[in-house]
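A closer look at the structure
Listed here are the chains, written in short residue letters.
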Amino acid sequence: MTEMLSQPIRPVPRPGILDIEPYVPGKSTGAPGVNRIFKLSSNETPFGPSPRAIEAYTATGAKLSLYPEGTSKVLREAIGKANDLDPARLVCGAGSDELLNLLAHAYVGPGDEGLFTEHGFLVYKIAIMGRGGTPVVVPETGYTADVDAILANITERTKIVFIANPNNPTGTYLPAEEVRRLHAGLRPDILLVLDAAYAEYVRKPDYTDGRELVDEFENVVVTHTFSKIFGLANLRIGWMYGPEAVVDVLNRIRGPFNVSGAAVAAGVAALDDTAHIEMSVEHNTKWLEWLDLELSKLGLHATPSVANFVLIHFPEEPGKTAADADEFLSTRGLILRRVAAYGLPNALRMTVGSEEANRFVVAALAEFMGAPRG
């Protein structure tokens, strides 16, 4: 009887699963009683998707009873055309998150290690631990990935290295030469994953998403998303460019219909609307510079960003902390992202919004910084 009572009374997940901290998205609601909300917590474009994408999405309504084509062929061809890439070396997924998890699924197991930097995207840790691997967090320098520190943490158990470039939530980036130096220091059996979710916003001459490394080597992949500049976050579309062998592996384990027909149609149309993309880039470049200047006038430091968001650092003094600022801004309908889970307890991440939203945030922060200390 004692032996029977000691048996589990429900299914038990394998060791390590319950050690994973669930991913918590940015909040989307303001303080009670606030009617108008500016949601600047999830790095969504202020312009929404291209009207062409909306039209293409709507037109798929009559086909909802049919399974989509299983390989996202039309979307892969459109991505290949837009980026001068071989469609056969592309894999599409339900957001780049799915692809990051599939890569960990394929190349990480119990006893293996996966590396990412201390302020890197939280999904990397979840993906590694979800496969029984050990996450290794590497210190950054100046909120930027440090190639030497990453290489110093490589061991015989390392199987995968995740680098967000540009990084979320810091907005910093590694120049192309540094990415190449990082790759040169890795063993050929270590997979380097370059997560380029914000690449379309970058206008630095020394930046590349790393696709040239994919063309040269067998252990590099690049991931992108339609959730940011293309404004299709709700449809969940991501894509990966990789060596033939890695593409083959992912196609063996991904779901057979992992991207919906509506998502494929909207993605193809979004790629075709280059004017919408260019408008978004110009707006972002202008307001990144403006926010950096205006925040500095308030005595607030923003980490220089090349993405569509800024990381704002607050004083470590009573009444002026990031938590205090977040509460204050919420009462005005301004929703920014708390980033304590990223090891940044005294900072808020702000998406570059519309002109109205950007000016409203700065005005509210001016009021907050000038208010009597609590």
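Note that the structure is predicted; figures quoted are calculated from it, not measured. (Residues numbered from 1 in each chain as written. Predicted model: local features only at pLDDT ≥ 70, side-chain atom pairs only at ≥ 80, totals over all residues. Heavy atoms only, no water.)

Taken from the UniProt record, the annotation "domain: Aminotransferase class I/classII large" (unreviewed entry) applies to residues 37-364. Summarising residues 37-364: 39% helix, 17% strand, and an end-to-end C-alpha distance of 14 Å. (UniProt positions renumbered as here; feature names shortened; annotations may be inferred. Helix = DSSP H or I, 4+ residues; strand = E, 2+ residues; numbered from the N terminus.)

Among the five residues in strand β10 (residues 309-313), five count as buried, and that is most of the element. Neither face of β10 is open: one carries Phe 309, Leu 311 and His 313, the other Val 310 and Ile 312, and all of them are buried. Summarising the sheet, strand β9 (residues 301-303) and β10 pair through three bridges and their orientation is antiparallel. By the bridge assignment for β10, His 301 is matched with His 313. Taken together, β9 and the strand that follows it, β10, pair antiparallel across an intervening segment of five residues. Both β10 and strand β13 (residues 347-351) contribute to a ladder of five bridges, which runs antiparallel. (Buried < 20%, exposed > 50% of the residue type's maximum accessible area, 1.4 Å probe, protein only. Pairing = 2+ DSSP bridges.)

So, on to the pattern of salt bridges. A full pass over the atoms with the stated rule returns 18 salt bridges. Where Arg 89 meets Asp 215, a salt bridge forms, and the shortest distance between an N and an O atom there is 3.7 Å. Remark: Asp 215 occurs in helix α8 (residues 211-216) and Arg 89 occurs in the loop between α3 (73-83) and β2 (90-93); sequence separation between them is 126 residues. Using a relative accessible area of 47% as the deciding quantity, one classes Asp 215 as partly exposed. One salt bridge connects Asp 248 with Arg 252, and the closest N-O pair in it is separated by 2.9 Å. Within this pair, Asp 248 and its partner Arg 252 are both found in helix α9 (residues 244-253), separated by four residues, close to a single helical turn. (Salt bridge = Lys/Arg side-chain N within 4 Å of Asp/Glu carboxyl O.)

Okay, the UniProt feature "modified residue: N6-(pyridoxal phosphate)lysine" (unreviewed entry) in the protein next. With numbering aligned to this structure, UniProt lists the feature "modified residue: N6-(pyridoxal phosphate)lysine" (unreviewed entry) at Lys 228. You can see Lys 228 is positioned in the loop between β7 (220-225) and β8 (238-241). In contact with Lys 228, not counting residues within four places along its chain, are Ser 42, Asn 43, Thr 45, Ala 197, Tyr 198 and Tyr 201. (Contact = heavy atoms within 4.5 Å.)

Below, the discussion takes up the layout of surface pockets. Gaps left between atoms are located by rolling a probe of water-molecule size over the structure's atoms. Its boundaries defined by the atoms lining it, the largest pocket holds a volume of some 540 Å³. What lines the largest pocket is a set of 26 residues, and nearest its centre among them are Tyr 23, Ser 42, Asp 97, Phe 121 and Lys 228. Sorting elements by how many residues they give to the lining of the largest pocket places helix α4 (residues 95-107) first, with three residues. Per-class residue counts for the lining of the largest pocket are ten nonpolar, nine polar and seven charged. (1 Å grid on protein atoms, 1.4 Å probe; cavity = no way out; pocket = protein on both sides within 12 Å on 5 of 7 lines; lining within 4 Å. Points joined across faces, edges and corners; volume = space filled by probe spheres on them. Nonpolar A, V, L, I, M, F, W, Y, C, P; charged D, E, K, R; others polar.)

If you look at the biggest cluster of nonpolar residues, it comprises 53 residues, and the most contacted ones within it are Val 161 and Phe 226. Per element, the largest residue contribution to this core is six residues, and it comes from helix α10 (residues 261-272). The contacts of Val 161, once residues within four sequence positions are left out, are Leu 115, Ile 150, Ile 154, Leu 186, Ile 190, Leu 191, Leu 192 and Val 193. Listed in part, the 28 residues of the second largest apolar core include Ala 127, Val 246, Leu 250 and Val 339. (Core = buried A, V, L, I, M, F, W, Y, C linked by side-chain atoms within 4.5 Å.)

Now for the sheet that holds strand β3 (residues 113-117). Ordered by their spatial adjacency, seven strands build an open sheet running β2-β8-β7-β6-β5-β3-β4, and the pairing between neighbours is mixed. The outermost strands of the open sheet, each flanked by one partner alone, are β2 and β4 (134-138). Direction aside, the axes of adjacent strands within the sheet are offset by 20° on average. As defined by bridge partners, β7 adjoins β8 across four bridges and the pair is classed as antiparallel. Across the sheet, His 224 pairs through a bridge with Trp 239, a residue of β8. The strands touched by α3 are β2 and β8; relative to β2, the strand with the most contacts, the crossing angle is about 125°. (Axes fitted to C-alpha atoms, helices over the stretch in contact; angles between N-to-C directions.)

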